[in-house]
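In case you want the letters, here they are:
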Amino acid sequence: SPTDSFVWYFAKQGYQTLYDHPGHGWFYNRQNVNGYLGFEHQRFTENYYGALVDPTAAIWNSDHILFPELVSQLKEKTKNGPVFSFSVSYQNHGPYESAGFDGTPWVTGLDEESGYIFNNYLRGVDKTITALTGMVEELEQSSEPVVLVLFGDHKPWAGNGNSAYQAAGVSFEMDSLLGFENYYGTPYLIWANSAAKETLGRDFVGYGGDFSPCFLMAEVFDACGWEGSGFMQTQRRIRDITPLLHVQGLYLDGGQLTDKLSTINAGTVDCYLWAEYYREHNLE
């Protein structure tokens, strides 16, 4: 059923809400779930991208199609007002070929299988960066203000049982902050074209810090100089206490990984989780 989200928040501000993914809409039931979250228009393999790329081929090579399509859509839709566009790339998800690599390797010094995995992964990254650079260059030329947010949703596969990570000496020990970050950490980037910097009066330069994904939209709003909803303002309070909220009951306190907070801080986090629950279930 309809569930409160920042997508609905943008819609109430007059934004058109768009979702793109060059894969099947039935996967994770995205075609229904996304509508419940507030996306007005959705494009999947079934209703759009199937004519441009086979969904199987899209796993390996589709960003060069997705990114230009997003730019074209943005140019068309912004004629009718502001746009909130959310897209999930299908390219280079993994697993990666572990039996060979055709080309000049980026990674050397590992066993053959681990080297093949990382080099095939990086070849996909190289393709994505090329496509992404083309999109950014075009957005920079736009007179419309554009803020672009990029983030990963999980670490790349690197062998069964993380064998290639082990070969590279990457620790996933959960009793240390480094191991925790190695296992769960993914990068994010917030970029704005010149028109957006001028409109918002912000330079979009600097490091936003490490935090749980639930705080990403608040970081975007901070970068834009926007206040946001009451719920987002509550998020900022919690992030000041602990930028980490983890399903295993882990937090960051003073830069240290811990499963315990002070009584006052733990109570404040509980209040946030209650607000999150009521927001999700639309209770007043």
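The structure presented is a predicted model; accordingly, all values stated were derived computationally and were not measured.

1. Section: the overall build of the chain
Turning to step 1, where the next piece is worked out: Assigned secondary structure in the chain consists of eleven helices and seven strands.
Turning to step 2, where the next piece is worked out: Relative to a compact globule of 284 residues, whose C-alpha radius of gyration would be 19 Å, the chain shows 21 Å and is just as compact.
Turning to step 3, where the next piece is worked out: In terms of overall dimensions, the chain has C-alpha extents of about 55 × 50 × 40 Å along its principal axes.
Turning to step 4, where the next piece is worked out: Going through the 284 residues of the chain one by one, you find that 37% of them count as buried.
Turning to step 5, where the next piece is worked out: Intrachain contacts of the chain at a sequence separation of at least 6 include 60% that bridge at least 24 residues.
Turning to step 6, where the next piece is worked out: When the accessible surface of the chain is summed, it comes to about 16,300 Å², and 53% of that surface belongs to carbon and sulfur atoms.
Turning to step 7, where the next piece is worked out: The averaged location of the 35 negative side-chain charges in the chain is 6 Å from the averaged location of its 16 positive side-chain charges.

2. Digging into the packing of helix α10 (residues 230-241) against helix α11 (residues 263-280)
When two helices pack together, you describe them by how their axes are tilted relative to each other and by the distance separating the axes.
Turning to step 1, where the next piece is worked out: Between α10 and α11, the shortest axis-to-axis distance is 10 Å and the interhelical angle comes to 150 degrees. The pairing of α10 with α11 is recorded here as roughly antiparallel in orientation. For the pair α10 and α11, the crossing hand works out as left-handed. Contact residues: F231, T234, Q235, R237, I238 and I241 in α10; N265, T268, V269, Y272, A275, E276 and R279 in α11.
Turning to step 2, where the next piece is worked out: By residue class, the composition of the contact of α10 with α11 is six nonpolar, four polar and three charged.

3. Quick look at the layout of surface pockets
Turning to step 1, where the next piece is worked out: Here the second largest pocket is characterised by a volume of approximately 280 Å³.
Turning to step 2, where the next piece is worked out: If you go around the second largest pocket, you meet 13 residues; those closest to its centre are I190, F204, G206, G208 and E219.
Turning to step 3, where the next piece is worked out: For the lining of the second largest pocket, the secondary-structure elements that each account for two or more residues are β5 (188-192) and α9 (216-224).
Turning to step 4, where the next piece is worked out: Across the lining of the second largest pocket, the residue classes break down as seven nonpolar, two polar and four charged.

4. Quick word on the nonpolar core
Turning to step 1, where the next piece is worked out: One finds F84, F204, M217, M232, I238, L245 and V269 to be the most contacted residues of the largest nonpolar core, which totals 28 residues.
Turning to step 2, where the next piece is worked out: With seven residues, α9 is the single largest residue contributor to this core.
Turning to step 3, where the next piece is worked out: Apart from the residues lying within four places of it in its own chain, the contact partners of M232 are F6, M217, A218, F221 and E227.
Turning to step 4, where the next piece is worked out: Counting 14 residues, the second largest nonpolar core, distinct from the first, contains L70, L74, V83 and L148.

5. Some points on the packing of aromatic side chains
Turning to step 1, where the next piece is worked out: Using the criterion set out here, one finds 26 aromatic pairs in the structure.
Turning to step 2, where the next piece is worked out: Here the aromatic rings of F10 and Y15 are separated by 5.0 Å at their centres, their planes lie at 70 degrees, and the arrangement is edge-to-face.
Turning to step 3, where the next piece is worked out: In this structure F10 comes out as buried when scored by relative accessible area, which is 6%.
Turning to step 4, where the next piece is worked out: When the ring centre of F6 is taken as reference, the NZ or CZ atom of R279 above it lies at 4.9 Å.

6. Brief notes about the pattern of salt bridges
Turning to step 1, where the next piece is worked out: Evaluation of the coordinates by the stated rule reveals six salt bridges.
Turning to step 2, where the next piece is worked out: A salt bridge links K75 to E138, with the nearest nitrogen and oxygen atoms 2.7 Å apart. Placement of the pair is K75 in helix α4 (residues 63-77) and E138 in helix α5 (residues 112-140), with a sequence separation of 63 residues.
Turning to step 3, where the next piece is worked out: Here K79 makes a salt bridge to E76, at a shortest N to O gap of 3.3 Å.

7. Observations concerning the sheet that holds strand β3 (residues 83-87)
Turning to step 1, where the next piece is worked out: A sheet is described by the order of its strands in space; here three strands give the open sequence β2-β1-β3, paired in parallel fashion. Only two strands of the sheet have a single neighbouring strand rather than two, namely β2 (41-43) and β3. Going from strand to strand, the sheet's axes swing by 15 degrees on average, the running direction of each strand aside.
Turning to step 2, where the next piece is worked out: Direction of pairing for strand β1 (residues 16-20) relative to β3: parallel, over a ladder of five bridges. Opposite Q16, over in β3, you have V83 as the bridge partner.
Turning to step 3, where the next piece is worked out: Docked against the sheet, α4 engages β1, β2 and β3, running at close to 165 degrees with respect to β1.

Procedures and definitions
Residues numbered from 1 in each chain as written. Predicted model: local features only at pLDDT ≥ 70, side-chain atom pairs only at ≥ 80, totals over all residues. Heavy atoms only, no water. Helix = DSSP H or I, 4+ residues; strand = E, 2+ residues; numbered from the N terminus. Rg over C-alpha atoms; globule rule 2.2 N^0.38 Å. Buried < 20%, exposed > 50% of the residue type's maximum accessible area, 1.4 Å probe, protein only. Contact = heavy atoms within 4.5 Å. Areas by Shrake-Rupley, 256 points an atom, 1.4 Å probe, with all protein chains shown as cover. Lys, Arg positive; Asp, Glu negative; His and termini not counted. Charge placed at Lys NZ, Arg CZ, Asp CG, Glu CD. Axes fitted to C-alpha atoms, helices over the stretch in contact; angles between N-to-C directions. Parallel < 35°, antiparallel > 145°, perpendicular 65-115°, else oblique. Left-handed = near helix turned anticlockwise from the far one by under 90°. Nonpolar A, V, L, I, M, F, W, Y, C, P; charged D, E, K, R; others polar. 1 Å grid on protein atoms, 1.4 Å probe; cavity = no way out; pocket = protein on both sides within 12 Å on 5 of 7 lines; lining within 4 Å. Points joined across faces, edges and corners; volume = space filled by probe spheres on them. Core = buried A, V, L, I, M, F, W, Y, C linked by side-chain atoms within 4.5 Å. Phe/Tyr/Trp six-rings, centres within 6.5 Å; stacked < 30°, edge-to-face > 60°. Lys NZ or Arg CZ within 6 Å of the ring centre and 35° of its normal. Salt bridge = Lys/Arg side-chain N within 4 Å of Asp/Glu carboxyl O. Pairing = 2+ DSSP bridges.

None of this, on its own, says anything about what the molecule does.
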